[in-house]
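Fold and contact review
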Amino acid sequence: MPVTLLNDLVKEKVLAVQEFTLLGLRSLRSLFTRPRYLADTFEQMDTIGVGSLPIVVLASFFIGAVLVLQTADQFVRFGSPGLTGDVVSLALVREIGPVIIALLVAGRVSSGIASELGSMQVSEQIDAMRALGTDPVKKLVTPRVVATVLMLPLLTIIGDFVGLLGGLVVSNFVIRLNPLQYWTRSYQAIEFGDGVQGLAKPFVFGLIVSLVGCYFGLTTRGGTQGVGRSTTQAVVVASVLILVSNLFITKTVLWVNALMGW
Amino acid sequence: MAEEVLRYDRVRLGFGEDEVLRDVSFTLHRGETVLLLGATGTGKTLLLKLALGLLKPDAGRIYVLGTDITELEEEELFPLREKLGIVFQEMALFDSLSVYENVAYRLIEETIHGGLDLAEEEIERRVREVLRFVGLEEAIWKLPADLSGGMKRRVGLARALITEPPVLLYDSPTAGLDPVTAQTILTLILRLRDTRQASALFVTHRLQDAFLLAGNTYDEDSGGLRPAGGNGVNVTGTRFLLLRDGQIYFEGQPQDLLTADDPYVRRFLA
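Cut-offs used in this document
- Sequence positions are assigned chain by chain, starting from 1 and proceeding in written order.
- Each chain takes a letter, starting from A, and each ligand takes a number, starting from 1, following the order in which they are written.
- Since the coordinates come from a predicted model, pLDDT governs what is reported: local features require at least 70, and pairs of side-chain atoms require 80 or more to be given and counted, while whole-chain, interface and lining totals use all residues.
- Elements are defined by DSSP. Helices are runs of H or I of four residues or more, strands are runs of E of two residues or more, and each kind is numbered from the N terminus.
- Radius of gyration here uses only the C-alpha atoms, and the compact-globule reference equals 2.2 Å multiplied by the residue count raised to the power 0.38.
- Contact criterion: two residues are in contact if their C-beta atoms, reconstructed from the backbone, are within 7 Å.
- Exposed residues have 12 or fewer other C-beta atoms within 10 Å of their own C-beta, buried residues have 20 or more, and residues in between are partly exposed; the C-beta atoms are placed from the backbone.
- For this classification, Asp, Glu, Lys and Arg are treated as charged, while Ala, Val, Leu, Ile, Met, Phe, Trp, Tyr, Cys and Pro are nonpolar and the rest, including Gly, are polar.
- When DSSP finds two or more bridges between a pair of strands, those strands are recorded as paired.
- Per the annotation, domain bounds derive from an automatic or database assignment of domains.
- Between N-to-C directions, angles cover 0 to 180 degrees, with each direction set by a line fitted to C-alpha atoms, over the stretch in contact for helices.
- Orientation labels follow simple angle bins: below 35 degrees gives roughly parallel, above 145 gives roughly antiparallel, 65 to 115 gives roughly perpendicular, and whatever is left gives oblique.
- Helices are assigned an expected span. That span is 1.5 Å times one less than the residue count.
- Note on terminology: a nonpolar core is any set of buried Ala, Val, Leu, Ile, Met, Phe, Trp, Tyr and Cys residues joined through C-beta atoms within 7 Å.

Within chain B, the secondary structure is distributed over 9 helices and 12 strands. Against the compact-globule benchmark of 18 Å for 270 residues, chain B has a radius of gyration of 19 Å, which places it among compact chains. Overall, the C-alpha framework of chain B stretches about 55 × 45 × 35 Å when taken along its three principal axes. Look at the contacts in chain B between residues 6 or more apart in sequence, and 65% of them connect residues 24 or more apart.

Following this line, the structure appears as C-alpha cells:
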C-alpha cells in the first residue's frame, strides 16, 4: 500500500510539472498567434508594475539602509568605511535587489493572480469564457506573463536605485560617510557583467511569479477553501522556485561573464 | 427524421477510479428539446460540458452539428462553440463586468479580435433587445453582484442568446429559485423554443419543470403559457431521458414516463 501511495504521489507531481510546462509553452505560443489581448496586457502592467511600486520602493529603501549599517560596521573595524558603497551596490544589484524584489512581487502578484483565476475557476467563469469562444490562456495567462516579465526588471532597477539611496541616507546621517564618496564608489563598483546578472534574473523570476500564479489559479478545485489553498501554494512555490533558480542563473551568468570577459 | 444537431455515441467518462458516465448514447435533433433527468451526481452536467468540448470523454464519440468534436483541439472548437449557447447552473457571469459587458461579451470579442464588424451602437442595440426579451433592460449597467439569483439566471440566458445559437444547453436553470421566478425562466425558455425553434438539451432534477416544458406552449398573445393539448400526442417535440448510475435508464415521450411501471422510475416520479 505505501508503494502505491508513493507511486500515485510521484505521478501526481510529474503530471503537475508537465501541466505547468505545457501552460508556459502555450502562453508563450500565444504571443505569436492571434488574437492578442493588448489592452488586457497594459491593464496587467498597470496592476502588476505600478501597483507593486510603493511596496518595492519602501522595502528597497530600508534594505539598502540596513545593508549599509551592517557592512559599514565591519569596514570601520578595518579602517576602510569608504568601501561600504562598493559592497552595498554590488550586493544590491547582483543579488539582494533582484531576489528580494521578486519575493515581494511573488507575495503580491502570484497570490493575486492565483486567487483571481482560482475564483473564476470555481465559479465556472473560466468554463464560461471557453464556452463563449475565448481561450483563457490567451486572455488571462499571456497578458499576466508578459506584464510581469516586462515589469519586474523595471521594478528591480527602481528598487536597486532606491536601495542605494537608502544606503546613502544612512551612510551620511549615521556613519558620517561622505555622500559623494559613497555614491561614486557605489556607481563605479558596478560593471557591465553585474548589470547583466542583475537584469537577467528578474526576467526569469517574472516568468516564475506569473506562471506559478496562473497555474495554481487555473487548477483550483474545491470552492473558496480551494482558492485559499491555491493562493498559499502559489506564493510558497513561487518563492522557493525563485531561490532555487537564483543559484542556477547566478552560476550561468558568472560563466557567461567569464566567457565574454565582462 | 430531422437533422441531428448533437449525438453522443457510447460516451464514457470517469474521474480516477470513479466512472461517472458509462456508455451513454443519445441524439438531439433539430427543433427538439431533450430533458435530461436524474438524481444529483449522475453526470447530467458533464454531458453538457462534453458537448461544448470543455471536457474530453475517456471513450466514445460526440458529434456537434455533424462534426466529430472528440479529438478536436481547443482552437478548433471555438467556431463550433459559437453555435451553442449555455446557461450554467451557477450562472458563471463575469463578476467584474457589467450586465451589458457580460451579455455583449461574445459580440465585443468577435468585433475586436474576430471577423465581426459591429459598431458600439449596434452592439448596445442588440444587447438591449435580448435583455428586453428576458425582461431585464433596466439592469443593463448593473454589476452581477447587484442582481438577485433569478435576475442573474436571466442575464445568463441573455448571454447565451445574444448570437442566436441554433442549439441551447440549459444546466438546471431553475435550481434554487422561488416558484414565481422559476416560472418566469421557464416561460422564457418556452418562448425561445416556440418562437425561434431552437434545439435544446435541458438538464434538471425538478420533475415539475420537465412536465411544464413538455405540456405547454408559449402564448404570444398573453405572453404566458397555455396547455399544449394534442390528446396525448407529444406536440412540443420533447423527449425525456432519465440517467441512473451514469447510464440512460429510461428514454421516451413524457406520457411513456408517466405510464412506466419500472420501480425506479415510479420512485423517481413519486
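There's more to say after this.
A tally of helices and strands in chain A yields 8 helices and 0 strands. Taken from N to C terminus, the helices and strands of chain A fall in the order α-α-α-α-α-α-α-α. The buried share among the 262 residues of chain A stands at 44%. When contacts within chain A are restricted to residue pairs at least 6 apart in sequence, long-range pairs at least 24 apart make up 88% of them.

Our focus in this paragraph is the interface of chain A and chain B. Contact with chain A, which involves 13 residues of that partner, is made by 16 residues of chain B. Broken down by class, the residue content of the side of chain A that touches chain B amounts to 4 nonpolar, 4 polar and 5 charged.

Right, let's talk about the pairing of strand β11 (residues 238-244) of chain B for a bit. All names here are of chain B. Most of β11 is tucked away, with 6 of its 7 residues classed as buried. Alignment of strand β3 (residues 33-38) against β11, held across 6 bridges, turns out to be parallel. If you follow Val34 over to β11, its bridge partner there is Arg239. Turn length for the β11-strand β12 (residues 247-252) hairpin, with the two strands adjacent in sequence and antiparallel, is 2 residues, and the turn residue Asp245 shows positive phi of about 50 degrees.

Residue and element names in this part refer to chain B. Segmentation of chain B into domains returns domain 1 (4-83 + 166-269) and domain 2 (92-164). On a C-alpha basis, the centres of domain 1 and domain 2 stand 24 Å from each other. If you look at the interface, domain 1 gives 9 residues, while domain 2 gives 8 residues. No other element matches helix α6 (residues 179-196), which puts 4 residues into the side of domain 1 that touches domain 2. Counted by class, the side of domain 1 that touches domain 2 contains 5 nonpolar, 3 polar and 1 charged residues.

Along the polypeptide, Val167 of chain B turns up in strand β7 (residues 167-171). Remark: the alpha-carbon pair of Val167 of chain B and Gly31 of chain B, spanning 136 residues in sequence, is separated by 8.7 Å.

Moving on, we get to the sheet that holds β3 of chain B. All names here are of chain B. The 6 strands lie next to each other as β6-β7-β8-β3-β11-β12, forming an open sheet whose pairing is mixed. At either margin of the open sheet sits one strand with a lone partner, and together these are β6 (84-87) and β12. On average, each strand axis in the sheet is inclined to that of its neighbour by 15 degrees, with strand direction left out of account. Helix α1 (residues 44-52) rests against β3, β6, β7, β8 (199-203) and β11 of the sheet, and its axis sits at about 145 degrees to β8.

What follows concerns the environment of Leu225 of chain B. Residue and element names in this part refer to chain B. Note that Leu225 resides in strand β10 (residues 224-227). What makes Leu225 partly exposed here is the crowd of 19 C-beta atoms within 10 Å. Once you skip the residues sitting within four places of it in the chain, Leu225 turns out to touch Thr187, Leu190, Asn216, Tyr218 and Asp219.

Once that is clear, we can look at unusual backbone geometry. Residues and elements named next belong to chain A. Of the consecutive residues Arg34 and Pro35, the connecting peptide bond is found in the cis state with omega at -5 degrees. Turning to its location among the elements, Pro35 is positioned in the loop between α1 (2-29) and α2 (38-77). One non-glycine residue with positive phi stands out, namely Glu124, at about 65 degrees. For Glu124, the location among the structural elements is in the loop between α3 (84-122) and α4 (125-131).

All names here are of chain A. Close contact between α1 and helix α5 (residues 136-173) brings their axes to 9 Å; oriented N to C, the two are set at 90 degrees. As far as their axial angle goes, α5 and α1 are roughly perpendicular. Of α5, the residues touching α1 (which contributes Leu23, Arg26 and Ser27) are Val137, Val141, Thr142 and Val145. Looking at the contact of α1 with α5, its residues break down into 4 nonpolar, 2 polar and 1 charged.

Okay, helix α5 (residues 149-161) of chain B next. All names here are of chain B. Helix length check: α5, at 13 residues, gives a terminal C-alpha distance of 19 Å against a target of 18 Å (1.5 Å per residue), a fit within 8%. Looking at α5, one finds that the buried residues are Lys152, Arg153, Arg154, Val155, Gly156, Leu157, Ala158, Arg159, Ala160 and Leu161. Here the buried face of α5 lies against β6, α3 (99-113), α4 (120-133), β7 and α6.

The next point concerns the nonpolar core. One finds Leu35, Leu36, Ala51, Val103, Ala158 and Leu201 of chain B to be the most contacted residues of the largest nonpolar core, which totals 72 residues. For this core, the leading source of residues is α6 of chain B, giving 7 residues. Aside from chain neighbours lying at most four places away, what touches Ala51 of chain B is Leu6, Ile62, Val64, Leu84, Leu169 and Leu201 of chain B. Among the nonpolar cores identified, the runner-up in size contains 37 residues, and Ala102, Met120, Phe216 and Val235 of chain A belong to it.

The strands making up a sheet associate through hydrogen bonds between their backbones, and the pairing can be parallel or antiparallel. Residue and element names in this part refer to chain B. Pairing is antiparallel in the open sheet, where 4 strands are placed in the order β2-β1-β4-β5. Both outer strands of the open sheet, β2 (18-29) and β5 (67-68), are each paired with one neighbouring strand and no more. Relative to β5, strand β4 (residues 59-64) runs antiparallel, the two being bridged by 2 bridges. Of the residues in β5, the one forming a bridge with Val64 is Thr67. Here α1 sits on the sheet in contact with β1 (4-15), β2 and β4, set at roughly 115 degrees to β1.

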